Amino acid sequence: MVAKTVPVPSFDLVVFGGTGDLARRKLIPGLFHRFVSGQAPGDARIIGAARQELDRAAFQAHAREALEEFLPEGQRPADQVSAFLDMLDYVRIDAMSDDGWSDLADRLSDGEDRVRAFYLSVAPRFFGPIAARIGETGLATPKTRLVVEKPLGRDLASAKTLNGELAAAFDESQIYRIDHYLGKETVQNLMALRFANALFEPIWNGHHIDHVQITAAESVGVGNRGGYYDQNGAMRDMVQNHMLQLLCLTAMEPPSHFDPDAVRDEKLKVLKALSPVTGAAVDDLVVRGQYSKGPDGPSYLEEAGDPESRTESFVAIKAQVDNWRWAGTPFYLRTGKRLSARHTEIAIRFKDAPHSIFGDSAGMLKGNALVITLQPNEGIQLRLNIKDPGPGGMRVTSAPLDMSFATDLGREVRMPDAYERLLMDVIRGDQTLFMRGDEVEAAWAWIDPIIEACEAGRADPAHYAQGSDGPMESHILLHNDKRRWREVD
Ligand code: NAD
């Protein structure tokens, strides 16, 4: 059975940086899937806009190569590929000069009434200038949308500057700030689970939940991007955006409606309720790490190209949401590179049963856990205590109620990539899964003092073995609270 799709209106999508890595790996394959599914109409136009000297045919060849590289053969029938390539066009443009802008205006001139989206798949220093030029050249129609992606600033001040630059040319209702974690089916399912079932909401609070663990583990290192990564580190690259967004969706109050501002208002309240982590508290609540040299590759310092670097490739933070629902319930965040597996999950750990009626011989009753896995295999698992089968007396064991989305919905569903969903939301004009400017600023406002304290010498990075679950100090962070991290697997 094929998942239901609702077609979007005709659109013109201009991809600045259409020849770059993100466009090749995610945007072009994602748009192709949406076209094949019937969601993106055949009269849509996708215009690559970049600095390379290409013509339309060369860009189409480039897109064909991207489809061949990133999609299995069975997913790209030749007739569909050529129909999709017919939708593509290319304009050579320089974001920083006048070159190419009138060509772009010519291409778009007969599409004044269509949805028009500009996807800025370019380095962030171009975001402001491109937004300004779109405004100056009169390319922004009432149905125009602007899409940008992380990094959205590197601190509160630069995020405010960027928001100001975007706001000078576009209304907030036209700006789509992508956090691709929010496009994951499981993340949306977290909201369905919480707000479409009466079961969980009454126990979704500190009276019943012991703590929450959010883990985003990667098995790869920084590789040849070490020099670039070293300017940011895990705190800016992962915590400020993806991890805090996941925390918000887990902790937020039920919005009155599933509409963009109602959802984003609730997320903003969570960010504003985060207990500040500043100064000396950083030593107690934050652990940073760098991976050591190992059999699978060089150390972080070697890959960063700076033996003195203090940038973290791993971070663990104990966060608290200061409100009635969550008082006293820690949210432990952990992310890192070169860990034992690639695995991202939100684990809600419920409190232990208050008393065991089964006696010592039954074994320990483990607290229930609801585990929402984002990657690699999206799914939700509820761990329950059940009787160990067999006649050997009453022994209790922990077992999962397991829902793996790709197989358990009674139909073979190809899990759409997050970008597919988000691109179609842009065209539909639905901002629910995109970050609002004030959310981005509130996240920086919480992270900035942590980064400042780290840069001033606190929470020095500890070394950890490649293929481990991070430095010992991260385990101690939870051990001090009589808790343990779930294994990364
Ligand atoms: P890239 O370097 O591969 O591509 C950059 C593109 O920008 C190229 O098409 C290039 O021609 C174009 N470009 C450069 N200078 C230009 C100019 N003056 N005028 C017009 N076009 C110009 O970069 P990328 O990896 O595709 O990343 C693009 C953006 O997306 C960045 O902001 C990056 O941080 C963000 N991002 C990328 C990924 C990813 O997976 N690659 C993931 C998340 C976020």
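For the structure itself, look to the data block above.
Right, let's walk through the structure included here.

Conventions and cut-offs
Residues numbered from 1 in each chain as written. Predicted model: local features only at pLDDT ≥ 70, side-chain atom pairs only at ≥ 80, totals over all residues. Heavy atoms only, no water. Helix = DSSP H or I, 4+ residues; strand = E, 2+ residues; numbered from the N terminus. Rg over C-alpha atoms; globule rule 2.2 N^0.38 Å. Buried < 20%, exposed > 50% of the residue type's maximum accessible area, 1.4 Å probe, protein only. Pairing = 2+ DSSP bridges. Near = heavy atom within 4 Å. Polar contact = N/O pair within 3.5 Å; in protein donor to acceptor, adjacent residues only side chain to side chain. Areas by Shrake-Rupley, 256 points an atom, 1.4 Å probe, with all protein chains shown as cover. Core = buried A, V, L, I, M, F, W, Y, C linked by side-chain atoms within 4.5 Å. Contact = heavy atoms within 4.5 Å.

## What about the overall build of the protein?
For the protein, the helix and strand inventory stands at 16 helices and 16 strands. Taking 2.2 N^0.38 as the reference for a compact globule, 489 residues should give roughly 23 Å; the C-alpha atoms of the protein span a radius of gyration of 24 Å, in line with that estimate. Each of the three principal axes of the protein carries a C-alpha extent, and together these read 80 × 55 × 50 Å. Buried residues in the protein amount to 53% of all 489 residues.

## A short note on the pairing of strand β3 (residues 88-92)
Counting buried positions along β3 yields 4 of 5 residues, so the element is predominantly enclosed. Sheet topology places strand β2 (residues 45-50) next to β3; 5 bridges connect them, and they run parallel. The partner of Ile-47 across the bridge, within β3, is Asp-89.

## Some words on the site of the ligand
By nearness alone, 20 residues border the ligand, and Thr-19, Arg-25, Gln-52, Ala-95 and Val-122 come closest of all. Here Arg-25 contributes a side-chain N or O atom positioned 2.4 Å from an oxygen atom of the ligand. Contacts to the ligand include Ala-95, whose backbone N or O atom sits 2.8 Å from a nitrogen atom. Notes on the ligand: free accessible area 830 Å², of which the protein chains cover 77%. Of all the elements, helix α1 (residues 21-36) adds the most residues to the shell around the ligand, at 3 residues.

## What about the nonpolar core?
Membership of the largest hydrophobic core comes to 143 residues, with the highest contact counts inside it found for Phe-16, Phe-84, Leu-104, Phe-118, Leu-247 and Leu-370. Per-element accounting of this core gives the leading share, 11 residues, to helix α9 (residues 233-251). Each residue touching Leu-247, except ones within four places of it in the same chain, is listed here: Ile-214, Val-270, Leu-274, Ala-319, Val-321, Phe-331 and Leu-333.

## Brief notes about unusual backbone geometry
A negative phi angle characterises most non-glycine residues, just as the trans form characterises most peptide bonds. The step from Lys-150 to Pro-151 runs through a cis peptide bond, and the omega angle for that step is 5°. Note that Pro-151 resides in the loop between β5 (144-149) and α6 (156-169). The omega angle of the peptide bond from Gln-375 to Pro-376 is 10°, so this bond is cis rather than trans. In this structure, Lys-482 takes a positive phi of about 60° despite not being glycine. Residue position: Lys-482 is located in the segment after α16 (472-479).

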